[in-house]
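Listed here are the chains, written in short residue letters.
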Amino acid sequence: MTDLLKPSLQRRTVLQAATVGAVGISPALRALVHAQGSDAPEKKEVKIGFIPLTDCASVVMASVLGIDQKYGVKIIPSKEASWAGVRDKLVNGELDFAHVLYGLVYGVHLGLGGPKKDMAVLMNLNQNGQAITLSKKLADKGAVNGPTLAKLMAAEKREYTFAQTFPTGTHAMWLYYWLAANGIDPMKDAKVITVPPPQMVANMRVGNMDGFCVGEPWNHRAIMDGIGITATTTQAIWKDHPEKVLGTTSEFVQKYPNTARAVTAAILEAGRWIDDGLANKTKMAETIAGKAYVNTGVDAINQRILGRYQDGLGKTWDDPDHMKFYNGGMANFPYLSDGMWFLTQHKRWGLLKDHPDYLGVAKSINRIDVYKQAATAAKVPVPASDMRTAKLVDGVVWDGKDPKKYADGFKIHA
């Protein structure tokens, strides 16, 4: 904003305030007051870590399109090499926020397998859009989905290796859930390793793994390179599942509440912009494919974000449950039940030795208060309930009502 415009804007603001008068301040004016007045962001520039994945897009586009500046803050996206690196930089304050795995935030908060620090989830960045890839070598032997993989593993005994991206993260949980739903015990029947997302395809190419679960574009990249096939999508495991989140430390939110709200509002608006149409999705794909972000061909990104899928074996389909960055605001709300689900799976697989206070932990991490303030500023609708219900691929319903019973109810567990 130029200095020449400021006086007229200030006069217009006064006139708007006088006009609104008894009926209260309009949301647009309230956002302006947030940006310029007492609710202005305490930090004008913030560093947000991201991993080269399609679902970093709303963070990147909030910066590239200048949406962040509308809320009085400047976002500096910081490309990171691994989720462990993201975790460490969040904990020590090198990053202000991160595009990060839901379960990673919960794992750090509880001190699972690494540093312990009180954490915060401010919003979901996206739903859906991950996948499980099996090697072409397995596919050539008939293992192209869960049942045929289980059949091959039972018939040809050897050590089968599968990769996920972080021990407490979403991809580990999707992989374990899918294997178990098909009668494969991920803890006993397979070897599971951790590999950073951008290194998945290269590791499969040299034979280091039989399959992996990762975010896009790396599943589609494996098909394009002729080394893997898509056995399932994660939205087939859980329709409209939570995926990446905007994570930070509890300490940051306490110290810089206005900054937390402003950044959340800017990324909410960017997600809405992405989902608004084909032209926006195309521009997003072209932007994030660049070397500074995902560093791959646009063609590895632009099909699956539109729901145009192929499995690498000749099958193609249009998936209505593809990656969503907004979905009418439903993609972004940090449901307490979503966070609780990850805790149930951490307990199921032995990452947690005892049952935690499921609801209490979710309430302390998922900052619904900050989200609602940001949603008001960005004019985003908020659902009526903090909980939601879903039926997963094995037919088991999750509603958050009895997490202890749910966690203990699986036949296959650690």
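Residues numbered from 1 in each chain as written. Predicted model: local features only at pLDDT ≥ 70, side-chain atom pairs only at ≥ 80, totals over all residues. Heavy atoms only, no water.

Here we come to the confidence of the model for the chain. When the pLDDT values of the chain are averaged, the result is 92; 91% of them are 70 or greater. Note that residues 1–35 has pLDDT below 50 and, in this model, 29 contacts with residues that lie over four places away or in other chains. (pLDDT = per-residue confidence, 0-100. Contact = heavy atoms within 4.5 Å.)

Residues Ile 48, Trp 83, Leu 149, Leu 246, Val 263, Ile 267 and Trp 341 are the most contacted members of the largest nonpolar core, which totals 126 residues. Excluding residues within four positions of it along the chain, Ile 267 makes contact with Ile 48, Ser 58, Val 59, Ala 62, Ile 75, Met 123, Leu 125 and Leu 246. (Core = buried A, V, L, I, M, F, W, Y, C linked by side-chain atoms within 4.5 Å. Buried < 20%, exposed > 50% of the residue type's maximum accessible area, 1.4 Å probe, protein only.)

Here the focus is the sheet that holds strand β8 (residues 211–215). Overall, mixed pairing links the five strands, which are arranged β7-β6-β8-β5-β9 in an open sheet. Of all strands in the sheet, those with a lone pairing partner are β7 (191–194) and β9 (228–233), marking the two edges. Adjacent strand axes in the sheet meet at a mean angle of 25° when their direction is disregarded. Strand direction decides the pairing type here: strand β5 (residues 130–135) and β9, joined by five bridges, are antiparallel. By the bridge assignment, Leu 134 is partnered in β9 with Ile 229. Those strands touched by helix α9 (residues 170–181) are β5, β6 (161–164), β7, β8 and β9, and its axis lies near 145° from that of β6. (Pairing = 2+ DSSP bridges. Helix = DSSP H or I, 4+ residues; strand = E, 2+ residues; numbered from the N terminus. Axes fitted to C-alpha atoms, helices over the stretch in contact; angles between N-to-C directions.)

For strand β3 (residues 97–101), a buried count of five out of five residues is recorded, marking the element as mostly surrounded by other parts of the structure. As judged from the two bridges shared by strand β1 (residues 45–50) and β3, these two strands associate in the parallel manner. From the neighbouring strand, Ile 48 faces β3, where its bridge partner is Phe 97.

Here the bond from Glu 216 into Pro 217 is cis, since omega is 15°, no more than 30 degrees from zero. Its place among the elements puts Pro 217 in the loop between β8 and α11 (218–224). The backbone of Asp 240 shows a phi angle near 60°, a positive value even though the residue is not glycine. Tracing the chain through its elements places Asp 240 in the loop between α12 (234–237) and β10 (244–249). Of the residues examined, Asp 240 reaches a relative accessible area of 17% and is grouped as buried. The residue Lys 379 is not glycine, and still its phi comes out positive at about 60°.

All right, on to α9 then. For α9, with twelve residues, the first-to-last C-alpha span of 16 Å sits near the 16 Å given by 1.5 Å per residue. Here α9 lies mainly inside the structure; eleven of its twelve residues are buried. (Expected span 1.5 Å × (residues − 1).)

Moving on, we get to the sheet that holds strand β4 (residues 119–124). The sheet built from five strands is open, its strands ordered β2-β1-β3-β10-β4 with mixed pairing. With one partner strand each, in any of the chains shown, β2 (74–79) and β4 form the two edges of the open sheet. Averaged over all pairs of adjacent strands, the angle between strand axes in this sheet comes to 30°, irrespective of strand direction. Across the face of the sheet, helix α5 (residues 83–92) comes into contact with β3, β4 and β10 while running at roughly 140° to β3.

Turning our attention to the state of the cysteines. This structure, assessed with the given rule, holds zero disulfides. The thiol of Cys 56 is not disulfide-bonded; the next cysteine sulfur, from Cys 213, is found 17 Å away. For Cys 56, a relative accessible area of 0% puts it in the buried group. (Disulfide = S-S within 2.5 Å.)

Let's shift gears to the packing of helix α3 (residues 57–64) against helix α15 (residues 278–288). Contact pair α3 / α15: the axes reach a minimum separation of 10 Å and the direction vectors enclose 95°. With respect to α15, the element α3 is oriented roughly perpendicular. From α3, Ala 57, Val 60, Met 61 and Val 64 reach across to α15, where they touch Met 284, Thr 287 and Ile 288. Counted by class, the contact of α3 with α15 contains six nonpolar, one polar and no charged residues. (Parallel < 35°, antiparallel > 145°, perpendicular 65-115°, else oblique. Nonpolar A, V, L, I, M, F, W, Y, C, P; charged D, E, K, R; others polar.)

Our focus in this paragraph is the environment of Phe 166. Relative to the helices and strands, Phe 166 is located in the loop between β6 and α9. Put simply, Phe 166 and Lys 191 are 25 residues apart on the chain and 14 Å apart in space, counted from C-alpha to C-alpha.

Side-chain pairs of opposite charge can arise whenever the charged atoms involved come near each other. Taken as a whole and judged by the stated rule, the model has 16 salt bridges. Taking the shortest distance from any N to any O, the salt bridge between Glu 216 and Arg 304 comes out at 2.7 Å. Of this pair, Glu 216 sits in the loop between β8 and α11 while Arg 304 sits in the loop between α15 and β11 (308–310), and the two are 88 residues apart along the sequence. Assigned by exposure class, Glu 216 and Arg 304 land together as buried. Among the ionic pairs, Lys 239 bridges to Asp 321, the shortest N-O distance being 4.0 Å. With Lys 239 in the loop between α12 and β10 and Asp 321 in the loop between β12 (316–318) and α16 (336–348), this pair connects stretches of sequence that are 82 residues apart. Judged by relative accessible area, which is 49%, Lys 239 ranks as partly exposed. Taking relative accessible area as the criterion, Asp 321 reaches 18% and is therefore assigned buried. Taken together, the salt bridges that share partners define one network made up of Asp 55, Glu 243 and Lys 244. (Salt bridge = Lys/Arg side-chain N within 4 Å of Asp/Glu carboxyl O.)

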